[in-house]
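Secondary and tertiary structure notes
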Amino acid sequence: MEAQETSQTGPPGRRAVLKGLGAVVALGSFGTAAYGSITSRTSGTDLRSNLTIIAPAAAGGGWDTIAREMQMVQRENQIINNTQVVNQPGAGGTIALSNLINMEGDPQTLMVGGTGQLAATIQYETEATLDDVTPLAVVVEEYGVIVVPGDSPYESLDDLVKAWKDDPGALPWTGGGSFDELVITDLALKAGVDLANFQFVSSDGGGEAIQALLNGTAKAATGGYPDNVDQIEAGNLRALALVAPEPVEGIDIPTAVDQGYDVSLTNWRLLAAPPGITEEEKAELEDVILETIDAPEWAEAVERYHWSENRIFGDELTDFLETERERISGLYEEMGS
């Protein structure tokens, strides 16, 4: 999963401080090196001559992987003459979002974003939002999975939820970032668990969350299926539910929905351009994205990383983002953020 800003559960006062800090960081001055690496690219009047893709997280995360796979596909298929990837980590993706806003009118820059970035703008109450850029497309989504240690006494999601409802404070959860905490919160709401005693152990990424499970710091977790599949297949983790709206071919895990818990928040990946580009430039960038995700090398990446394709463009994208914003805002309200 992407290197999202790690969320923390605590008293409202503590959350207020976190939100304030996040907003300050996200809207602060840009690092000279990061900004320079974008603006110094080779100039070109044709947007297909040069393209920069911003990954709003450190190298190796989910957003970075999307950006670098797109770079490879565009090079292999000569869709773009020169594509480069720039990493701009921090504040759940809102630093990169602020930078993109300040590149108004530049059609040769794209940013990868997604659920975690949208969540961060809500959690930190940032001035910069996705309304301030030009969303172009959702291209894939990643499903979460609810897991427990392989030797856990909980054999099913119902077993886990029953124990959680009986004593919420005695069953600490973990996850790799704010998106995972949202999924757990949604499950708590749908299962009738008292959120006042909700225990969430912050982990910096999926790998650390798995370690928290294996060393006993947490008793249950949610994270991206790609992050957990190896440990599940090795028997170190037991998968209790897939967080998806319906069963997924090739993944033999029952969904939470099918088990009576309407939890289906997905980790989708968005591509956006700066504000102020022309309609012609927007259409050309949409064509670039379509050519990229239609390439066989992209299909191979989708399979390799266990992504699920979900192509959303145009008016459908506008409606989708608004629905997701309302949904995530409601979860944060329930969390007391």
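Just above, that's the structure.
Below is a summary of the structure that appears in this document. Starting afresh in each chain, residues are numbered from 1 along the sequence in its written order. Two thresholds apply to this predicted model, a pLDDT of at least 70 for residue-level local features and 80 or more for giving and counting side-chain atom pairs, whereas whole-chain, interface and lining totals are computed over all residues. The side-chain quantities take in all heavy atoms of the structure and omit both hydrogens and water.

Let us look at the packing of helix H5 (residues 115-123) against helix H12 (residues 314-335). Between N-to-C directions, angles cover 0 to 180 degrees, with each direction set by a line fitted to C-alpha atoms, over the stretch in contact for helices. Numbered from the N terminus, helices here are DSSP runs of H or I no shorter than four residues, and strands are runs of E no shorter than two. Relative to each other, H5 and H12 sit at 55°, their axes nearing to 10 Å. Compared by their axis directions, H5 and H12 come out oblique. For the pair H5 and H12, the crossing hand works out as right-handed. On H12, the residues touching Thr115, Leu118, Ala119, Ile122 and Gln123 of H5 are Leu321, Glu324, Arg325, Ile328, Ser329 and Tyr332. Residue classes in the contact of H5 with H12 are distributed as 6 nonpolar, 3 polar and 2 charged. Geometric relationships in this document are graded by angle, where less than 35 degrees denotes roughly parallel, more than 145 denotes roughly antiparallel, 65 to 115 denotes roughly perpendicular, and other angles denote oblique. Each crossing gets its handedness from the near helix: less than a right angle anticlockwise from the far helix is left-handed, clockwise is right-handed. By the convention used here, residues are in contact when the closest approach between their heavy atoms is within 4.5 Å. Residues are grouped as follows: Ala, Val, Leu, Ile, Met, Phe, Trp, Tyr, Cys and Pro are nonpolar; Asp, Glu, Lys and Arg are charged; all remaining types, including Gly, are polar.

What follows concerns the pairing of strand E4 (residues 134-142). By the criterion of burial, E4 is predominantly enclosed, with 8 of the 9 residues buried. For two strands to count as paired, DSSP must find a minimum of two bridges between them. Direction of pairing for E4 relative to strand E10 (residues 267-273): antiparallel, over a ladder of 7 bridges. Bridge pairing links threonine 134 to alanine 273 in E10. Two elements, E4 and strand E11 (residues 308-313), share 4 bridges in a ladder whose sense is antiparallel. Across the sheet, alanine 137 pairs through a bridge with phenylalanine 313, a residue of E11. The buried label goes to any residue with under 20% of its type's maximum accessible area, the exposed label to any with over 50%, and the partly exposed label to all in between, with areas taken from a 1.4 Å probe on protein chains only.

Before going further, it helps to examine the pairing of strand E1 (residues 50-55). Counting buried residues along E1, 6 of its 6 residues qualify, which places the element largely inside the surrounding structure. Taking every second residue as pointing to the same face, both faces of E1 are buried, with Asn50, Thr52 and Ile54 on one and Leu51, Ile53 and Ala55 on the other. Note that E1 and strand E2 (residues 82-87) share 6 bridges and pair parallel. The residue bridging isoleucine 53 from the neighbouring strand is valine 85, located in E2. Think of it like this: strands point away, you trace from the first strand over the helix to the second, and a clockwise trace means the crossover is right-handed. A crossover links E1 with its parallel partner E2, the connecting element being helix H3 (residues 62-76), and its sense is right-handed. Bridging between E1 and strand E3 (residues 109-114) involves 3 bridges; their strand directions are parallel. Bridge pairing links isoleucine 54 to methionine 111 in E3.

This paragraph deals with H12. To estimate how far a helix should extend, the number of its residues minus one is multiplied by 1.5 Å. For H12, spanning 22 residues, the distance from its first C-alpha to its last is 32 Å, which sits close to the expected 32 Å at 1.5 Å a residue. Positive phi shows up at glycine 336, right after H12, with a value of about 85°.

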